[in-house]
Amino acid sequence: MLLIFLLGVPLLLAAGIFLARDARSFGIVNVLGYFGMLIASVLLLREVVVNNGLVTAYHFLVADTLSAYFIFVIAVVALATALYSIGYINKDIAQGSISGKKAKTYYLLFNLFCFSMFLVPLVNNLGLMWVAIEMTTLVSAFLVGFYNTKKSVEAAWKYIIICSAGIIFALLGTILFSYAFSISGCMKSLNWTEAVSTASALDPKVIKIAFIFILVGYGTKAGLAPMHNWLPDAHSQAVGPVSALLSGVLLKTAIYAILRFGFIVIKSVGFAYFGHLLLLLGIVSLAISCCFILIQKDLKRLLAYSSIEHIGIIAIGLGLGTPWGFLGALLHIFNHAVTKSLMFFGASNMVRAYNTHNLHSIRGVIKALPYTGIIVLLGMFALTGFPPFSIFISEFLIIMGAFNKGAYVVAGAILLFLVVIFGAFIYRFSEMLFGHLPKNMTVQKEPLSGKIAFAFLLILICATGPALIYFREDLLCLVQILLPL
Amino acid sequence: MQEVSIFGLLVATFLMVIAKRTPALVRSFRYQSFFLFLATLIIALEEKQTSLYIVAGLIFILKVIGIPYFLQYTMKKINVRENLGLIANIQVSLLLALGFAYMSWVFSKQLMSFSEAMAILPAVAFFILLTGMFLMIFRLTAMAQIIGLLVMENGLFLLASAVLGGMPFFVEIAIFFDVFVSVVIMGFFVYRINKLFTHIDVNRLSRLRG
């Protein structure tokens, strides 16, 4: 019942836009809808954890702890984005950059995009999961090219072509997985609930080849370097609120897909193969994003490269294979989603106020946009892993996992890149936030819905850290059940 | 009987490699899809699976008739010059394609270790897949990229029918629907690119760097 509700609400909201009088009033209905979704996702998480099992509907939809967790992450970011969208879109209409009809199109696409993302962790069938992930690309391409400028259409084209080509490899991998199942005579249904239990009987050679294709395919969608080229373009050109959804949760749905196949691989050929591949991709992502962060001139691209960095950290955490590392990676998924959404909202406010993406032209944000300025300052410290905030905890767990395992090189590499990126962020943001205000800028009013979205995310960022320390033993137990070691 | 369709698939794929203009590429894509339809039909007859008949029918309706027609329609509507813009010339392209054919044969023999006869269809499928990727990278127009993607998908469908006797039925239907929708959306973006830039040369889309 919960699962149907979680998928039904975005669809109902998408249909509701045709009945709505104008986009302004619909925005509020939208927020109420996603508030309901958040409650439903918490209920789902509770049901799965307490009963310690699966919630299914018609064998077609299924949720275990992992999917319920991803659903929760998506629901949190979707609610924040729905809140922030109200002020953002209203201002767009007021400035005349989009028409009222186009604003309705925005809400339609927004809801379809959320629907496709909620579908990914809920479908049981690995083939249909592929379809759901391809659907996220197709819908969000319109949100990337939304303003119909030369830059945004170029970004949308690169996005749709690179991701579609990449995901074809994922389908190839899925077909090979299914071939491995069919030659071992186990099953043909491609349901992951059955796949994991029969995994040990599979031909390891086919599984190894198949997983490479899966990793290339879904890795493209997750933004793992060197398949990341589409990401900075798409994330910097998308509509402000949607950048948060793209960076915060879309990348994570691809990570979810990699994990689902990963569990089968771990059972079939052992952990080392899975772990080494993810560690390699993770470190390459960290290194490449670090270089581009240092030379970046565009605010939103800077944040997009920082997403590649964090996806790299998540991949390293998953690849370490120690319970602490795995727990850290899973928590990092939530922490990064929340913090990056906050930063993208702040960046969108800044880009709009100064009317430029260029880092060197944005100065004195604290004076022009006091509220946004302070939030972005806090968010910047949170994003680079400063102690009281939640990202520090998850990064700390991952590094601790690396030390536990004796992977000192990996731990050293993470620390080195983190320090460099921290320096670059401090330098860039202190210039932007505290520099001299340009002459023609005045103090600007910020919409209430945006402020609420900021407050909501900031509370999560600050509160998660202590909560994690308090509940660490329980969380570790959950992870040990989840991880097939 | 299957030999005919394999031969046809290979010829159509090589025709795509040497095509210099978009209409020729679309035409060869239609031939390729037709032989894919034939190959799927033969597998369906051999394995007596109802779902594969339906898949073959869908291939015929969508890939032999629907999508090529839609591509021709888009070409006519945007009315740009038809040259594909080759990065590698015809001779180099042909040599590369021969290399792909050999690579896919070796790869497929490795993968289907138990019989060589079983390896032929997967080898052709991998060859088509690689050629599709080649078209996406070494041809410069947005139209060629769409066709390259479709060619890769043709390779996958052949692989799925050859090694699995088709995916589970509803998965296959969903993938078909997805392919069709993605082509329509890409066609829409080609139309937009042409309107904004007055060309569809992807090599000249270079506003976003670094």
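Residues numbered from 1 in each chain as written. Chains lettered and ligands numbered in written order. Predicted model: local features only at pLDDT ≥ 70, side-chain atom pairs only at ≥ 80, totals over all residues. Heavy atoms only, no water.

1. With respect to the overall build of chain A
No. 1: Of regular secondary structure, chain A possesses 19 helices and two strands.
No. 2: The C-alpha radius of gyration of chain A comes to 21 Å, within 12% of the 23 Å expected for a compact globule of 485 residues.
No. 3: Its C-alpha atoms put chain A at 70 × 55 × 45 Å along the principal axes.
No. 4: Taking all 485 residues of chain A together, 65% fall into the buried category.
No. 5: Pairs at least 24 residues apart make up 81% of the contacts formed inside chain A by residues separated by at least 6 positions.
No. 6: A total accessible area of about 15900 Å² is found for chain A, and carbon and sulfur atoms account for 70% of it.
No. 7: Once the 30 positive and 16 negative side-chain charges of chain A are each reduced to a mean point, those two points are 8 Å apart. (Helix = DSSP H or I, 4+ residues; strand = E, 2+ residues; numbered from the N terminus. Rg over C-alpha atoms; globule rule 2.2 N^0.38 Å. Buried < 20%, exposed > 50% of the residue type's maximum accessible area, 1.4 Å probe, protein only. Contact = heavy atoms within 4.5 Å. Areas by Shrake-Rupley, 256 points an atom, 1.4 Å probe, with all protein chains shown as cover. Lys, Arg positive; Asp, Glu negative; His and termini not counted. Charge placed at Lys NZ, Arg CZ, Asp CG, Glu CD.)

2. Some details on the interface of chain B and chain A
No. 1: Listed as interface residues are 49 residues of chain B and, on the opposing side, 48 residues of chain A.
No. 2: When the two sides are added together, the surface that chain B and chain A hide from each other amounts to roughly 4300 Å², 77% of it contributed by carbon and sulfur.
No. 3: For the chain B face of the interface with chain A, the top three residues by lost area are Leu111(B), Phe189(B) and Leu208(B), together amounting to 16%.
No. 4: On inspection of chain B and its partner chain A, the count reaches three residue pairs in polar contact (both at pLDDT 80 or more).
No. 5: Among the elements of the structure, α4 (90-111), α5 (120-138), α6 (142-164) and α7 (169-197) of chain B are those that each provide at least two residues to the side of chain B that touches chain A.
No. 6: Of the residues forming the side of chain B that touches chain A, the biggest block, 16 residues, is contributed by α7(B).
No. 7: Among the residues forming the side of chain B that touches chain A, the class breakdown is 35 nonpolar, nine polar and five charged. (Buried area = accessible area lost by both parts, 1.4 Å probe. Polar contact = N/O pair within 3.5 Å; in protein donor to acceptor, adjacent residues only side chain to side chain. Nonpolar A, V, L, I, M, F, W, Y, C, P; charged D, E, K, R; others polar.)

3. Topic: helix α3 (residues 50-78) of chain B
Residue and element names in this part refer to chain B.
No. 1: Here α3 contains 29 residues, and its C-alpha end-to-end distance of 41 Å stays within 8% of the 42 Å for a straight helix at 1.5 Å per residue.
No. 2: Roughly 30° is the biggest bend found in α3, and it falls at Gly-66, with proline Pro-68 one to four residues downstream.
No. 3: Immediately beyond the C-terminal end of α3, within one or two residues, lies Asn-79, with a positive phi of roughly 55°. (Expected span 1.5 Å × (residues − 1). Bend = angle between axes of the 7 residues up to and from the residue.)

4. Some details on the environment of Asn79(B)
No. 1: Relative to the assigned elements, Asn79(B) resides in the loop between α3 and α4.
No. 2: For Asn79(B) and Arg21(B), which are 58 residues apart along the polypeptide, the C-alpha to C-alpha distance reads 13 Å.

5. Focus on unusual backbone geometry
Generally, phi is negative for residues other than glycine and the peptide bonds are trans, each holding for most cases.
No. 1: Following Ala225(A), the chain continues into Pro226(A) via a peptide bond in cis, with omega recorded as 5°.
No. 2: Positionally, Pro226(A) belongs in the loop between α8 (204-222) and α9 (230-237).
No. 3: Non-glycine residue Asn148(A) carries a positive phi angle of around 60°.
No. 4: As for its position among the elements, Asn148(A) is in the loop between α5 (126-144) and α6 (150-183).
No. 5: A relative accessible area of 32% places Asn148(A) in the partly exposed class.
No. 6: One non-glycine residue with positive phi stands out, namely Thr198(B), at about 55°.
No. 7: Inspection of the secondary structure puts Thr198(B) in the segment after α7.
No. 8: Residue classification places Thr198(B) among the exposed positions, given a relative accessible area of 64%.

6. Let's talk about the pattern of salt bridges
Two side chains that carry opposite charge are able to pair once their charged atoms sit near each other.
Residues and elements named next belong to chain A.
No. 1: Evaluation of the coordinates by the stated rule reveals seven salt bridges over all chains.
No. 2: A salt bridge links Glu-473 to Arg-472; the shortest N-O distance between them is 4.0 Å.
No. 3: By relative accessible area, which is 48% here, Glu-473 ends up partly exposed.
No. 4: Classification of Arg-472 by relative accessible area gives partly exposed; the value is 40%.
No. 5: One network of salt bridges, in which partners are shared, links Glu-154, Lys-158, Asp-233 and Arg-301. (Salt bridge = Lys/Arg side-chain N within 4 Å of Asp/Glu carboxyl O.)

7. As for the side chain of Asn30(A)
No. 1: Inspection of the secondary structure puts Asn30(A) in helix α2 (residues 23-51).
No. 2: In this structure Asn30(A) touches Leu13(A), Ala82(A), Tyr107(A), Phe110(A) and Asn111(A), once residues within four positions along its chain are discounted.

8. Section: the packing of aromatic side chains
Residues and elements named next belong to chain A.
No. 1: Applying the stated rule across the entire model yields 38 aromatic pairs over all chains.
No. 2: Here Phe-271 and Phe-274 contribute two aromatic rings whose centre-to-centre distance is 5.6 Å and whose plane-to-plane angle is 70°, an arrangement assigned as edge-to-face. Linking Phe-271 with Phe-274, this pair stays in helix α11 (residues 271-295), spanning three residues, or about one helical turn.
No. 3: Taken together through their ring pairs, the aromatic side chains of Phe-26, Tyr-34, Tyr-106, Tyr-107, Phe-110, Phe-146 and Tyr-147 make up a single cluster.
No. 4: Of note, Arg-260 hangs over the ring of Trp-192, and the distance from its end group to the ring centre comes to 3.5 Å. (Phe/Tyr/Trp six-rings, centres within 6.5 Å; stacked < 30°, edge-to-face > 60°. Lys NZ or Arg CZ within 6 Å of the ring centre and 35° of its normal.)

9. Overview of helix α3 (residues 65-95) of chain A
Residue and element names in this part refer to chain A.
No. 1: In this model α3 runs 45 Å from its N-terminal to its C-terminal C-alpha over 31 residues, within 8% of the 45 Å that 1.5 Å per residue would give.
No. 2: Where α3 bends most, the angle comes to about 30°, and this point is Ser-85.
No. 3: Of all the 31 residues making up α3, 27 are buried; the element is thus mostly covered by neighbouring parts of the structure.
No. 4: Looking one or two residues past α3, Gly-96 carries a phi angle of roughly 80°, positive in sign.

10. Quick look at a nonpolar patch on the surface
Residue and element names in this part refer to chain B.
No. 1: A contiguous nonpolar patch, built from Phe-7, Val-11, Leu-15, Ile-18, Tyr-31 and Leu-94 and spanning about 510 Å² of accessible area, is present on the exposed surface.
No. 2: Tallying contributions element by element places helix α1 (residues 2-18) first for the nonpolar patch, with four residues.
No. 3: With respect to the helices, strands and loops of the structure, Tyr-31 is situated in helix α2 (residues 22-47).
No. 4: Residue classification places Tyr-31 among the partly exposed positions, given a relative accessible area of 39%. (Patch = residues over 30% accessible without salt bridge, like charges linked within 9 Å, V, L, I, M, F, W, Y side chains within 5 Å.)

11. Comments concerning the side chain of Gln296(A)
No. 1: Relative to the helices and strands, Gln296(A) is located in the loop between α11 and α12 (299-320).
No. 2: Polar side-chain contacts of Gln296(A) include one of 3.4 Å to the backbone nitrogen of Asp298(A).

The values reported here are purely geometric and, on their own, carry no functional implication.
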